[in-house]
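Per-entry structural report
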Amino acid sequence: MLLIGLVSYITLRSTRLAEEDSDWVVHTQAVQKTLQSALGDAVDTLSGGRGFALTGQETFLDAEARSERRLDRDLDTLRQLTVDNADQQKRLVRLQAEVNAAVESTLRIEAARQRTGNVPSDGEVIESKRYMDAVRATIGEMQDEEARLLAQRIARAQEARRWIQFAVWSSALIGMGFLTLFGILLRREIDRGASMEAQLRTLNADLELQYAESRRAEAEARSSELRLLGAAESSMDCLYFCEAVRGASGEIEDFVFTYVNSNAVNLVAFSREELIGARMCELFPMNLKLGLFEKYRRIVLTGETFVGEFMIEEETIKTAWLRIQAVKLADGVAITASDITERKRHEEATRKSKALLERTEQLTDTGGWELDLVTGELFWSAEVYRILGVAPDHRPVLEEGIQFYVPEDRIRVRAAIETAIAGGDGWDMECTVVTTNGEQVPVRVVGEAEFDNGKPIRLTGAFKDITQRVAERLALQTVKDRLALATDSGGIGIWDWDISNDKLTWDPWMYRLYGMDPRDEDVVYEVWRQHVHPDDLSGAERQLQEAMDGVRAFNTEFRVVWDDESVHHIHGTGHVTRDEAGRPVRMVGTNWDVTAQKQLEAEGRQAERSLREQALIIDMAEDTVFIRDGKDRVTYWNQGAQRLYGWSKEEALGHVTYVLLKTKFPQPLADIKAQLLSQGYWNGELVHTRRDGSLVTVVSSWTNRHDEITGEVSVLEINHDITARKTAEEELARNRREIERGSIRLRAVNKELEQFAYAASHDLKAPLRVIDNASQWLEEDLAEHLTTETRETMRLLRGRVQRMGKLLDDLLDYARIGRELDNRPSEVIAGDVLINDVLALLPTSNFTITVSPCFSNIQLTRMPLQQILSNLIGNAIKHHDKPQGRIEVTVSECGDFYEFAVHDDGPGIPAQFHEQIFKMFQTLRPRDQVEGSGMGLALARKTVESYGGELRVESAEGQGCTFRFNWPKDQRSGREAWSGEDLDNT
């Protein structure tokens, strides 16, 4: 019985331990998941703060707030999950303090950014990063502790399972032994009687009860094992549980697989059945080759853990690289294998790309850089360090990198970074940096922003030393500038003729000399022939041929005809280049325009005649023209001056002009002379006094004249009489002032009229309210004495009163429309939102309303368009001759207007009433049948017309109605007036 009790105790104890370990495995996995979530939320919280401090983008603050709330929840969950573990609780207290310090540091740099707008200093960024590193380290310690506990609990669950199996089988064997023993005793001592038989039955019942208890314990152990295996199966890694195989001396000779999960089976070329019970080193010799067997053996002996990455050259394993982690499990090991082939390939490709990039950077003097906008970390390639002369072990920050640029380029670089972060546009610019040794180096800087879900996360770019290219460009530009200066100063064109390929190359001046646009066509010899004057072509070609034959150098003059048929004289020269055989292969030469020289002589002969003609023209001109010498004395006085001012030429010569004419200047005379001296001219209005004392206003133009022969300076003054125009302008200004005063008076009258209309409406509505109230009181007081006819009369009385009140409101609205502009802002909304708001306020339950999809593509101002549409759709419902009907509302574009249409299938309107319905107080049905004031359509039409539109009806009796109106796309430009009052469905 003691043996049975011992076995029962072992069974129950092992079962309970297995259940507890299974639950602890799930508990440990929950802690690990929460730790991973807390680490991610901590990174997001601090990265959001640093992202805002570095970029100033408000979106980072939203992400930071959300992450901080999740982090608080994670820490609360961890406090509950680790309440049983004092060491983890201590680490959690430390983690909370580190998180608080990191968040406070981030809040400080955020506040500094909001207060000053500056990027945080290197020290502030490094301090924030140091706090984050401490948080990572503490969470890492807690994760390592949970991993250790998980491995222990899995091993203990396996050990408990084996004890349960032992107890079950022991119980069975003991039970069978006892049954056999008591059977023998029963045969020997059958004569002992009924008392012994009763004892045997009691003992047999105890044994059966113990056996049932053992089976239950085995079932519970199996359930715990299944939960444990389920957790293992859900793992993303490959799991192998192996038990040591020992020799006669107790030494570990190999390991056999006792459990593998599905991912582990998929990794190898063996089935689960082939793996379970098989020896590890026999199936996978690579364990010996890579030294893994020795590591597993040491783990079993010492209890230490192992993590490593290995390249696999085993045909039975379907991957190239594995990350292997092993811990002790009872008398064996638990192995976790992760496929890292893709990561290794990526690392190898990255390594090769990095090596190739570094070699390319060295060959091209180009470096790369990257700025992490989340962490604020700045990365430079080796070439960037070399260009700037910075030690390779130095860790730069953004502001330090910008400080390498010269001051004028720092502004450009900062602006480019902000533009890229805000809109995604990259930059490509040439700048100058100052290296650590003080040398200025020209560089080309290229960069762009990288986004994740619309959020900027990274800036990347290139940095190239362009010292040699800039030097070559400057040298080439110097040569070009000198050549251009030489040719431009002389108007000289340069041509290059490839004789063999018949291709001419002209510089810009050649095109100018021939009156051609450089974009017109490719130049060949025939193009040149077409532009040479026909009379000069044969002589020019003969001299060109003689130059190629070596008879004489090409040096001649000829005329060219431009496309506008103008003729220009050209002087041409050329030099012939020959090949080894003496054949001409190339000819380079110059052209310049000598038209001016050719015309100089003819102009000289005509100069005197032209001067005489010009003097005659000046005398005939209506404008006054006179010339003053350096002392402002008149030296020339034309007939126009004599006619305007009244003094003859003889009387005016020698007089100072502004003394003779008593000139009134618009500014000090000294300032006018200073401008005339610096710019060579002056224009303005002057007031002169005629000989008869009357005033004349002129537009005066002064021009400096310099005699190249005598060196004398004079002033040419031309005056145009604008006295009549000034008088007209003054009259126009007076009229405008009168109009403005009239407009003010008109606005005052309009305001008084509106106040009168409001007062009149109020005074007229006051007795109506009295009648309405009195009728209600009478009906209430005499309710017992009123007949049906009397009640109907009272109802009609109140209806007439309400109709009269509505009529007064509509008259007031009608009077307001068109009198004054409404400058109040009107809400702009989507067209589909506007029409839905209209329909929501109307009784449309018995009608099928069809709305054009075009409403969703336009933006409309809400008022007064909403009232107009409500009026038209409400009329279609109110005047319909059937309880149910169809209404269609459409909109289309028509130039600067939208055209709206409301169509119904109601009774229609005869043609003779199409205009009557828009008049005030007009209805087609008695008001006793359809309630209304008859003002609705009149108000709608006047409102539409005040905005530059037109409201019309299309209908025939019995065929429904269509009301169409135009509405400006730009409501303010089309609006003439709107009072802002509601338009009711009257």
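Bear in mind that the values here come from a model prediction, so they are computed numbers and not experimental data. (Residues numbered from 1 in each chain as written. Predicted model: local features only at pLDDT ≥ 70, side-chain atom pairs only at ≥ 80, totals over all residues. Heavy atoms only, no water.)

Some words on the overall build of the chain
In terms of helices and strands, the chain carries 29 helices and 27 strands. Within the span of the chain, comprising 986 residues, buried residues form 40% of the whole. Contacts spanning at least 24 positions in sequence make up 57% of the contacts within the chain whose residues lie at least 6 apart. (Helix = DSSP H or I, 4+ residues; strand = E, 2+ residues; numbered from the N terminus. Buried < 20%, exposed > 50% of the residue type's maximum accessible area, 1.4 Å probe, protein only. Contact = heavy atoms within 4.5 Å.)

Here we look at the packing of aromatic side chains
Inspection of every chain in the model, using the stated rule, returns 24 aromatic pairs. Note on Phe255 and Phe293: the rings are 5.9 Å apart at their centroids and 70° apart in plane angle, and the pair reads as edge-to-face. Of this pair, Phe255 sits in strand E2 (residues 252-260) while Phe293 sits in helix H10 (residues 292-302), and the two are 38 residues apart along the sequence. Here the two residues Phe255 and Phe293 agree in accessibility, since each one is buried. Here Trp637 and Tyr645 contribute two aromatic rings whose centre-to-centre distance is 5.9 Å and whose plane-to-plane angle is 50°, an arrangement assigned as tilted. Classification of Trp637 as buried rests on a relative accessible area of 1%. (Phe/Tyr/Trp six-rings, centres within 6.5 Å; stacked < 30°, edge-to-face > 60°.)

Topic: the pattern of salt bridges
A complete count under the given rule lists 51 salt bridges for this structure. We note a salt bridge from Lys289 to Glu313, for which the minimum N-O separation is 3.5 Å. Note that Lys289 is positioned in helix H9 (residues 286-289) and Glu313 in the loop between strand E3 (306-311) and strand E4 (321-328), a separation of 24 residues in sequence. By relative accessible area, which is 66% here, Lys289 ends up exposed. The exposed category is assigned to Glu313, whose relative accessible area is 59%. One network of salt bridges, in which partners are shared, links Arg91, Arg94, Glu98 and Glu141. (Salt bridge = Lys/Arg side-chain N within 4 Å of Asp/Glu carboxyl O.)

Overview of the sheet that holds E4
Strands in a sheet are paired, the pairing made by backbone hydrogen bonds, and the direction either parallel or antiparallel. Strand order in this open sheet of five strands is E2-E1-E5-E4-E3, and the pairing throughout is antiparallel. This sheet does not close on itself; its edge strands, each paired only once, are E2 and E3. With direction set aside, neighbouring strand axes in the sheet form an average angle of 30°. With respect to the sheet, H10 is in contact with strand E1 (238-246), E2, E3, E4 and strand E5 (332-339), its orientation differing from that of E2 by roughly 85°. (Pairing = 2+ DSSP bridges. Axes fitted to C-alpha atoms, helices over the stretch in contact; angles between N-to-C directions.)

Some words on the pairing of strand E19 (residues 695-706)
Here strand E18 (residues 681-689) pairs with E19 via nine bridges, running antiparallel. Residue Trp682 lies in a different strand from E19, and its bridge partner there is Trp702. A loop of five residues connects E18 with E19, the two strands running antiparallel in sequence, and Gly693 in this loop sits at a positive phi of about 90°. Two elements, E19 and strand E20 (residues 713-721), share nine bridges in a ladder whose sense is antiparallel. When the bridges of E20 are listed, Trp702 appears paired with Glu717.

Some words on the packing of helix H27 (residues 865-878) against helix H28 (residues 936-946)
Between H27 and H28, the shortest axis-to-axis distance is 10 Å and the interhelical angle comes to 145°. Once H27 is placed against H28, the crossing between them reads as left-handed. Residues Ile868, Asn871, Leu872 and Asn875 of H27 touch H28, and the partners they reach there are Gly936, Leu937, Thr943 and Val944. Residues belonging to the contact of H27 with H28 are distributed by class as follows: four nonpolar, four polar and no charged. (Left-handed = near helix turned anticlockwise from the far one by under 90°. Nonpolar A, V, L, I, M, F, W, Y, C, P; charged D, E, K, R; others polar.)

As for the environment of Gly40
With respect to the element layout, Gly40 can be found in helix H1 (residues 2-55). For Gly40, a relative accessible area of 28% gives the class partly exposed. Distance from Gly40 to Arg136, taken between C-alpha atoms, is 9.8 Å for residues 96 residues apart in sequence.

Considerations on the sheet that holds strand E9 (residues 440-452)
On the basis of which strands lie adjacent, the open sheet formed by five strands has the order E7-E6-E10-E9-E8 and antiparallel pairing. Lying at the two open borders of the sheet, with one neighbouring strand each, are strand E7 (378-380) and strand E8 (427-434). Across the sheet, the mean angle from the axis of one strand to that of its neighbour is 25°, orientation sign disregarded. Two elements, E8 and E9, share eight bridges in a ladder whose sense is antiparallel. Note on E9: the bridge partner recorded for Val434 is Gln440. Across the sheet, helix H14 (residues 407-423) is in contact with E8, E9 and strand E10 (455-465); its angle to E8 comes to roughly 145°.

Remarks on the packing of helix H26 (residues 831-840) against H27
At a minimum axis separation of 10 Å, H26 and H27 run at an interaxial angle of 50°. As summarised for this structure, H26 and H27 are arranged oblique, according to the angle between their axes. Crossing of H26 over H27 shows right-handed handedness. Counted together, Leu834, Ile835, Asp837, Val838 and Leu839 of H26 and Leu865, Gln866, Leu869, Ser870 and Ile873 of H27 form the full contact between these two elements. Split into classes, the residues belonging to the contact of H26 with H27 amount to seven nonpolar, two polar and one charged. (Parallel < 35°, antiparallel > 145°, perpendicular 65-115°, else oblique.)

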